[in-house]
Amino acid sequence: MKRSEAVAEAAITLLAERGMRGLTHRAVDEAAGLPPGSASNLARTRAALLELTLAHLVELEERALAPALESGLTALDRRPSREVLVGLLVEALQVQIADVRRSLARYELALEATRRPELRRVYDRAGRRFRDPAVALLAVLGSPDPVRHSRQLVAFTEGVMFDAIAGAGESPSREDTHAAIRELLDGMLGPA
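Residues numbered from 1 in each chain as written. Predicted model: local features only at pLDDT ≥ 70, side-chain atom pairs only at ≥ 80, totals over all residues. Heavy atoms only, no water.

**Student:** Before we move on, can you summarise the overall build of the protein chain with the specific residues and values?
**Tutor:** Within the protein chain, the secondary structure is distributed over nine helices and zero strands. Dimensions of the protein chain, computed from C-alpha atoms along their principal axes, come out at roughly 60 × 30 × 30 Å. Among the 192 residues that make up the protein chain, the fraction classed as buried is 44%. For the protein chain, long-range pairs separated by at least 24 residues make up 67% of all intrachain contacts whose partners lie at least 6 apart in sequence. Surface summary for the protein chain: the accessible area is close to 10100 Å², and the carbon and sulfur share equals 53%. (Helix = DSSP H or I, 4+ residues; strand = E, 2+ residues; numbered from the N terminus. Buried < 20%, exposed > 50% of the residue type's maximum accessible area, 1.4 Å probe, protein only. Contact = heavy atoms within 4.5 Å. Areas by Shrake-Rupley, 256 points an atom, 1.4 Å probe, with all protein chains shown as cover.)

Here's what the structure looks like:
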């Protein structure tokens, strides 16, 4: 593992376990088992450490979601259908909910991005990598307003994740998630 990955992995764990206050260069060095000063040599400022962590987190999410996205997008290319999109979204949600550490770190970074414009830019750019395909998929499925509908779809899935991971809810079953997403898409796109 490269040193930058070790630092980012340690930072993700610290964010999930201790929150933003627990993320210091010294704590990262200790958590990663690196000599003192290693994290600050790699990311001089707190802002640089947060950006490094967010970049790595996006890579991890892309890797975690890749199997579901690749199979879903291939199926949509062959046969664009609402049911294929529902299956893709269910799988993606299950993957995200299963990795509590990664999701909690992302929530911490999202909140911090509301206070740091430089992190907000990085966070928004990363978010577009996940949101833009949703616009394209909804357009293919006949959405009269794919941009608005994609925002609603992302908000819905983020809400399900937050409720399962940090809210008062529990992890929804695959069947419940499937029914909820199908109902949401039927509301946006009309009956199938």
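**Student:** I'd like a description of the layout of surface pockets, backed by residues and values.
**Tutor:** Approximately 860 Å³ is the volume attributed to the largest pocket. Gly127, Phe130, Arg131, Val154 and Glu158 are the residues nearest the centre of the largest pocket, which is lined by 35 residues in total. Of all elements in the fold, only helix 4 (46-78), helix 5 (82-98), helix 6 (100-113), helix 7 (117-140) and helix 8 (146-165) reach the threshold of two or more residues within the lining of the largest pocket. With 13 residues, the single largest contributor to the lining of the largest pocket is helix 7. Residue composition of the lining of the largest pocket, by class: 23 nonpolar, three polar and nine charged. (1 Å grid on protein atoms, 1.4 Å probe; cavity = no way out; pocket = protein on both sides within 12 Å on 5 of 7 lines; lining within 4 Å. Points joined across faces, edges and corners; volume = space filled by probe spheres on them. Nonpolar A, V, L, I, M, F, W, Y, C, P; charged D, E, K, R; others polar.)

**Student:** Account for the nonpolar core, with residues named and values stated.
**Tutor:** Core analysis: the biggest nonpolar cluster contains 27 residues, and Leu23, Val28, Leu54 and Leu109 have the highest contact counts within it. Going through the elements one at a time, helix 1 (3-18), helix 2 (25-32), helix 4, helix 6 and helix 7 are the ones with two or more residues in this core. Apart from the residues within four sequence positions on either side, Leu23 is in contact with Ala11, Leu14, Leu15, Val28, Arg46, Leu49 and Leu50. Counting 21 residues, the second-largest nonpolar core is a separate cluster that includes Ala68, Leu89, Leu93 and Leu138. (Core = buried A, V, L, I, M, F, W, Y, C linked by side-chain atoms within 4.5 Å.)

**Student:** Could you give an account of the pattern of salt bridges, naming the residues involved and the relevant values?
**Tutor:** Across all of its chains, the model carries 15 salt bridges by this definition. For the salt bridge of Arg106 with Glu61, the shortest nitrogen-to-oxygen distance reads 2.9 Å. Separated by 45 residues along the polypeptide, Arg106 in helix 6 and Glu61 in helix 4 bring together distant segments of the chain. Residue class for Arg106 comes out buried when judged on its relative accessible area of 8%. Here Arg129 ties to Glu62 by a salt bridge, and the two come within 2.7 Å at their closest N and O atoms. Here Arg129, found in helix 7, pairs with Glu62, found in helix 4; they are 67 residues apart in sequence, far enough to count as distant. Each member of the salt-bridge network shares a partner with another, and the members are Glu61, Asp99, Arg102, Arg106 and Glu158. (Salt bridge = Lys/Arg side-chain N within 4 Å of Asp/Glu carboxyl O.)

**Student:** Describe in detail the environment of Glu112, supporting the description with residues and values.
**Tutor:** For Glu112, the position within the fold is in helix 6. Measuring from C-alpha to C-alpha, the distance between Glu112 and Met20 comes to 7.9 Å, with 92 residues separating the pair along the chain. Discounting chain neighbours no more than four positions away, the residues touching Glu112 are Met20, Leu50 and Leu119. Separated by 2.7 Å, the side chains of Glu112 and Arg116 make a polar contact. (Polar contact = N/O pair within 3.5 Å; in protein donor to acceptor, adjacent residues only side chain to side chain.)

**Student:** So what's going on with the packing of helix 5 against helix 6? Residues and values would help.
**Tutor:** Interhelical geometry of helix 5 versus helix 6 gives an angle of 85 degrees and a closest axis separation of 5 Å. It follows that helix 5 is roughly perpendicular to helix 6 by the angle criterion. Contacts between helix 5 and helix 6 involve Val95, Gln96, Ile97 and Ala98 on the former and, on the latter, Val100, Arg102, Ser103 and Arg106. A per-class count over the contact of helix 5 with helix 6 returns four nonpolar, two polar and two charged. (Axes fitted to C-alpha atoms, helices over the stretch in contact; angles between N-to-C directions. Parallel < 35°, antiparallel > 145°, perpendicular 65-115°, else oblique.)

**Student:** Hey, could you go over the packing of aromatic side chains for me, with residue numbers and the actual values?
**Tutor:** If you walk through the whole model with that rule in mind, you get one aromatic pair. Measuring from ring centre to ring centre gives 5.2 Å for Tyr107 and Phe162, while their planes differ by 65 degrees; the resulting arrangement is edge-to-face. Of this pair, Tyr107 sits in helix 6 while Phe162 sits in helix 8, placing them 55 residues apart in sequence. For Tyr107, a relative accessible area of 13% translates into the label buried. Taking the relative accessible area as the measure of exposure, Phe162 reaches 42% and is therefore partly exposed. (Phe/Tyr/Trp six-rings, centres within 6.5 Å; stacked < 30°, edge-to-face > 60°.)

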